[in-house]
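If you want the building blocks of each chain, they are given just below.
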Amino acid sequence: MFERLELMRLAHGLAAHAAQRQALVAQNVANADTPGYRARDLAPFESVFRETPSVPLKVTRPGHVGGAPSVIAAEGRDAPDAEEPNGNTVSLEDQMLKAAEIRHQHDLALGVYGSALSILRSSIGRR
Amino acid sequence: MDEFFQGAAAAASGLKAQAHRLRLVSENIANADTPGYRRKVTDFEAVLRGGQPTGEVAAGPVRLDPREQERIWDPASPLADETGTYLGSNVEMVIEIADAREAQRSYEANLRLFDQARQMARGLLELLRR
């Protein structure tokens, strides 16, 4: 049962990560012609999602549940594509490719979350 | 959910800026033969709110290209001076058409991202509905 909950937490983190990336990519594309604009992105999900919780809970007996893995609110960092003469580092093609990846990541996360949710529901007897 | 609205706002500002750019291009093309016409150009700039970049873009003020206009040789024209030439425009069709293509491409990219933000938000809401 608790693995299911952790799976849902992981899926939630993945969906939140994809949503944040989507906002950054939209901003990059909007500024594709702005002189001096630097393209931004987030670090990959694996490095953002920590395995240990930020505040470790004390576990004194076997069977105690420790703290849950947490998702750090990630900061947008510089992620340039090819640099243009006017200082702009956005490439439309690369950003569209990223958008497709993000869509896939988000759909995956929602799909996993949805099926974990329905398994949980049926395990408590509700359809 | 908030990030979807942020992304949609950025994409919408991109649509507006590219549409403005396309309008300037069509004005230039329409006036390619107007005597003395200088082509209109604009730069995009990042929108700031309270000193912080919002991620949105806006078209800056419209400027006139300072390049020299073409001198057209036509002694029969009423505008011709003693050398038989008059001042044309500084619009080059090839540049304007290339600019129009690029503006259209950027417009479509912005539109696709706007749509994607909308669909991702809807997918999230549908999860709630189940």
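In this text the structure is predicted, and so the values were computed from the model without any measurement.

1. Some remarks on the overall build of chain A
- Secondary structure summary: chain A contains 3 helices and 2 strands in total.
- Going from the N terminus to the C terminus, chain A shows its helices and strands as α-β-α-β-α.
- Looking at chain A as a whole, 42% of its 127 residues qualify as buried.
- In chain A, 69% of the contacts between residues at least 6 apart in sequence involve partners at least 24 apart.
- Counting only carbon and sulfur atoms, one obtains 58% of the accessible surface of chain A, whose full area is about 7,300 Å².

2. A closer look at the nonpolar core
- Within the largest apolar cluster, 22 residues are counted, with the highest numbers of intra-cluster contacts made by Val25 and Val29 of chain A together with Leu113 of chain B.
- Elements with a contribution of two residues or more to this core: helix H1 (2-30) and helix H3 (92-123) of chain A together with helix H1 (2-30) and helix H2 (93-129) of chain B.
- Element by element, the count of residues in this core is highest for H1 of chain A, at 6 residues.
- With sequence-adjacent residues up to four places away left out, Val29 of chain A is seen in contact with Leu92 and Gln95 of chain A together with Ala109, Asn110 and Leu113 of chain B.
- Counting residues in hydrophobic clusters, the runner-up holds 7 residues, among them Ala15, Phe45 and Phe49 of chain A together with Leu127 of chain B.

3. Brief notes about the pairing of strand S3 (residues 52-59) of chain B
- Relative to S3 of chain B, strand S2 (residues 44-49) of chain B is paired through 5 bridges, and the arrangement is antiparallel. Bridged to Leu48 of chain B within S3 of chain B is Pro53 of chain B.

4. Considering the environment of His104 of chain A
Residues and elements named next belong to chain A.
- Counting through the fold element by element, His104 comes out in helix H3.
- For His104, a relative accessible area of 57% corresponds to the exposed category.
- Between the C-alpha atoms of His104 and Leu42, which are 62 residues apart in sequence, the distance is 16 Å.

5. Side note on the side chain of Glu96 of chain B
- You can see Glu96 of chain B is positioned in helix H2.
- Setting aside residues no more than four positions away along its own chain, Glu96 of chain B makes contact with Val25, Asn28, Ile29, Arg39 and Val91 of chain B.

6. A look at the side chain of Ser89 of chain B
All names here are of chain B.
- Relative to the helices and strands, Ser89 resides in the loop between strand S6 (85-87) and H2.
- Residue classification places Ser89 among the buried residues on the basis of a relative accessible area of 5%.
- Separated by 2.6 Å, the side chain of Ser89 and the backbone oxygen of Ala32 make a polar contact.
- Among the polar contacts listed, one links the side chain of Ser89 to the backbone nitrogen of Val91, at a separation of 3.3 Å.
- Among all residues touching Ser89, those that are not within four sequence positions of it are Asn31, Ala32, Thr34, Tyr37, Gln69 and Glu70.

7. What to know about the interface of chain B and chain A
- Counting residues at the interface gives 31 residues for chain B, matched by 26 residues for chain A.
- For the chain B and chain A pair, buried surface summed over both sides reaches about 2,400 Å², with 61% attributable to carbon and sulfur atoms.
- When the buried surface of chain B facing chain A is broken down by residue, Leu113, Met120 and Leu127 of chain B rank first, second and third, together holding 24% of it.
- The interface formed by chain B and chain A contains 2 salt bridges.
- At the surface where chain B touches chain A, the tally comes to 9 residue pairs in polar contact (both at pLDDT 80 or more).
- Per-element tally for the side of chain B that touches chain A: the top contributor is H2 of chain B, with 14 residues.

8. Some thoughts on the confidence of the model for chain B
- Predicted confidence across chain B gives a mean pLDDT of 93, with 99% of residues reaching 70 or more.
- The complex prediction reports pTM at 0.84, with the ipTM value standing at 0.87.

9. Points about the pattern of salt bridges
Residue and element names in this part refer to chain A.
- Tallying each qualifying case throughout the model produces 19 salt bridges over all chains.
- A salt bridge links Arg21 to Asp41; the shortest N-O distance between them is 3.0 Å. Here the residue Arg21 occupies a position in helix H1, and Asp41 occupies one in strand S1 (residues 40-41), the gap between them amounting to 20 residues.
- Here Arg21 falls in the buried class, since its relative accessible area comes to 10%.
- Classification of Asp41 as buried rests on a relative accessible area of 6%.
- Linking Lys98 and Asp41 is a salt bridge whose minimum nitrogen-to-oxygen distance equals 3.5 Å.

Thresholds, definitions, all that
- Numbers given to residues run from 1 along each chain, matching the order in which its sequence is written.
- Labels are handed out in written order, letters beginning with A for the chains and numbers beginning with 1 for the ligands.
- The model is predicted, so local features are restricted to residues of pLDDT at least 70 and side-chain atom pairs to those at 80 or more, both for listing and for counting; the totals for chains, interfaces and linings are taken over all residues.
- Side-chain descriptors were evaluated using all non-hydrogen atoms of the structure, hydrogens and water having been removed beforehand.
- Under the scheme used here, helices are H or I runs from DSSP no shorter than 4 residues and strands are E runs no shorter than 2 residues, and both carry numbers assigned from the N terminus.
- Per-residue accessibility, obtained with a 1.4 Å probe over protein chains only, is compared with the maximum for each type, and a residue is labelled buried under 20%, exposed over 50%, and partly exposed between these values.
- Should any heavy atoms of two residues lie within 4.5 Å, those residues are counted as being in contact.
- Accessible surface area values rest on a Shrake-Rupley calculation with a 1.4 Å probe, where residue burial reflects the displayed protein chains alone.
- For this analysis, a nonpolar core means a set of buried residues of the types Ala, Val, Leu, Ile, Met, Phe, Trp, Tyr and Cys, connected via side-chain atoms within 4.5 Å.
- Between any two strands, pairing holds if DSSP finds at least two bridges.
- N or O atoms within 3.5 Å of each other form a polar contact, as long as, within protein, one can give a hydrogen and the other can take it, and as long as residues adjacent in sequence are counted only when both atoms are side-chain atoms.
- Computed with a 1.4 Å rolling probe, the buried area is the accessible surface lost when two parts are put together, summed over both parts.
- The salt bridge definition used is simple: a Lys or Arg side-chain nitrogen within 4 Å of an Asp or Glu carboxyl oxygen.
- The predictor reports its confidence for every residue as pLDDT, a score running from 0 up to 100.

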